[in-house]
Amino acid sequence: LWYHDHSLGMTRLNVYAGMAGFWIVRDDVEDSLNLPGPAPRLRDEPETKYFEIPIAIQDRSFNADGSLFYPGSRTFFDGYDGPFIPDSSVPPIWNPEFFGDTMVVNGRTWPYLEVEPRKYRLRLLNGCNSRFLILKTDRPLTFHQIGSEGGLLPDAPVALTQLLMAPAERADVIVDFSSFEPGDEIILLNLGPDSPFGGLPVDPEDQADPETTGQVMKFKVVELTGEDTSEIPAELPPIEPLTTELPARDLTLNEEMDEQAGIPIAALLGTGAAGPLSWSADVTETPTSGDTEVWRILNLTEDAHPVHLHLVMFQVLDRTPFDADAYHQAQAEYLEGDKSGPPPDPKDFAEGDPVERNSWEAGLKDTV
Ligand SMILES: [Cu+2]
């Protein structure tokens, strides 16, 4: 897991200030796979060698004195300088999103890690406030992904040359540096955009600045100190697909606009039947303990938006392209009417067949 704070109204600041990190949970099945390790632990002997490395990636900006910079006014975001609440609906402080100009790994700016020419297990976390990451190395290196947020992937590792990671997503990967020589250097690059993510592929001109946020960290290859007996497992335990007879829930991601200024003011969650809801609204998801449900998450905003759940894992089924504007319109008409019939069915607004989940999304997840 990764722990992070959710204090209402200041989650962004607490995550940004550093109250976020790994909480790694293990079990006997995983321990029997002979994966590269160990990971750092409390009270390790000095000089202990680590072959399992937690890597929390975040973007930050700094003031000249080294303190963290975070925008304190809405004007920073889009130049809008009023009127604000109560003279309009625009909050004076909140920014719809934040992109730092510096990459930080485990709290260190553009660090390097000395690696031996052998296998390593990297536990990657995208801990950025808004930024999607597309991780790739500047020299050929395969990410053998063995796990995601909720544990191991089913059946077998997935070999990838790049990792797409939304904020809060985790990737558990094995990389093999054995084809490199001491003295070699490998840079972990970020090819995601310095702006909201709109899906793959990302145009080269939209990719992160190759001089700054396009670089994450460096691996410096040093001499091998011992035989590498760890393995990339050929097989992983299967995962039973979840099934249910219960009706699906339609949940919406909404971006509220200030109509006067024509600018976004808040992100809200909602349901198909009730529309966008505020934090203080009654709870709409009331599953019975032990139930399995299908949630259809409808992104009605301009950009790709991850959602994450706490304390429960899910399986990704598929993604269906749909006409979000037409659905939104039909839902608005339903909400303005007497709501006698059923709310609009998103399936009626599909623009094509469901697209299968990605190969690396087959495990249990809490972020999608
Ligand atoms: Cu959370």
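So, how was this worked out
Residues numbered from 1 in each chain as written. Predicted model: local features only at pLDDT ≥ 70, side-chain atom pairs only at ≥ 80, totals over all residues. Heavy atoms only, no water. Domains from an automatic or database assignment. Contact = heavy atoms within 4.5 Å. Buried area = accessible area lost by both parts, 1.4 Å probe. Salt bridge = Lys/Arg side-chain N within 4 Å of Asp/Glu carboxyl O. Helix = DSSP H or I, 4+ residues; strand = E, 2+ residues; numbered from the N terminus. Pairing = 2+ DSSP bridges. Axes fitted to C-alpha atoms, helices over the stretch in contact; angles between N-to-C directions. Phe/Tyr/Trp six-rings, centres within 6.5 Å; stacked < 30°, edge-to-face > 60°. Buried < 20%, exposed > 50% of the residue type's maximum accessible area, 1.4 Å probe, protein only. Lys NZ or Arg CZ within 6 Å of the ring centre and 35° of its normal. Polar contact = N/O pair within 3.5 Å; in protein donor to acceptor, adjacent residues only side chain to side chain. Donors = N, O, S within 2.8 Å, 3.2 Å for Na, K, Ca; no water.

The chain is annotated in an unreviewed UniProt entry as Plastocyanin-like domain-containing protein from marine sediment metagenome.

(A) Spatial organisation of the domain arrangement of the chain. According to the domain assignment, the chain consists of domain 1 (31-221) and domain 2 (249-361). Domain 1 puts 23 residues into the contact, and the matching count from domain 2 is 13 residues. Carbon and sulfur atoms make up 66% of the area that domain 1 and domain 2 hide from each other, which totals about 1,400 Å². Where domain 1 packs against domain 2, one counts zero salt bridges. Among the secondary structure elements, those contributing two or more residues to the side of domain 1 that touches domain 2 are β10 (143-148) and β12 (158-160).

(B) Highlighting the sheet that holds strand β19 (residues 275-277). An order of β19-β18-β17-β20 is seen for the four strands of this open sheet, with the pairing classed as mixed. Each end of this open sheet is capped by a strand with a single partner; those strands are β19 and β20 (295-299). Ignoring which end each strand starts from, the neighbouring axes of this sheet average 40° apart. Both strand β17 (residues 249-258) and β20 contribute to a ladder of five bridges, which runs parallel.

(C) Representation of the packing of aromatic side chains in the model. Applying the stated criterion across every chain, the model contains twelve aromatic pairs. Both rings, one in F132 and one in F197, keep their centres 4.5 Å apart while their planes meet at 20°; by these two values the pair is stacked. Within this pair, whereas F132 is found in the loop between β8 (119-126) and β9 (133-137), its partner F197 is found in the loop between β15 (185-190) and β16 (215-221), the two being separated by 65 residues in sequence. Comparing F132 with F197, the two get one shared label, buried. Measuring from ring centre to ring centre gives 6.3 Å for F322 and Y327, while their planes differ by 70°; the resulting arrangement is edge-to-face. Residue F322 is classed as buried on the basis of its relative accessible area of 19%. Ring pairing ties together the aromatic residues F51, Y120, F177, F180 and F219, which thus form one cluster. Between R118 and the ring centre of F51, over which it is positioned, the NZ or CZ distance is 3.5 Å. K220 extends its terminal NZ or CZ atom over the ring of Y112, reaching a point 3.8 Å from the ring centre.

(D) Seen up close, the side chain of K365. Within the secondary structure, K365 is located in the segment after β22 (355-356). According to the relative accessible area criterion, K365 is buried, its value standing at 1%. Side chain to side chain, K365 and E149 meet in a polar contact 3.0 Å long. With sequence-adjacent residues up to four places away left out, K365 is seen in contact with S148, E149, G150, E169, V312, M313, F314 and V316.

(E) Region of interest: the coordination of the copper ion. The protein atoms that coordinate the copper ion are H4 (NE2), H6 (NE2), H308 (NE2) and H310 (NE2), at distances spanning 1.8 to 2.0 Å. Counting residues between consecutive donors of the copper ion along the chain gives the motif H-x1-H-x301-H-x1-H. Of this pair, H4 sits in strand β1 (residues 2-4) while H310 is found in the loop between β20 and β21 (318-319), placing the two residues 306 residues apart along the sequence. For H310, a relative accessible area of 41% translates into the label partly exposed.

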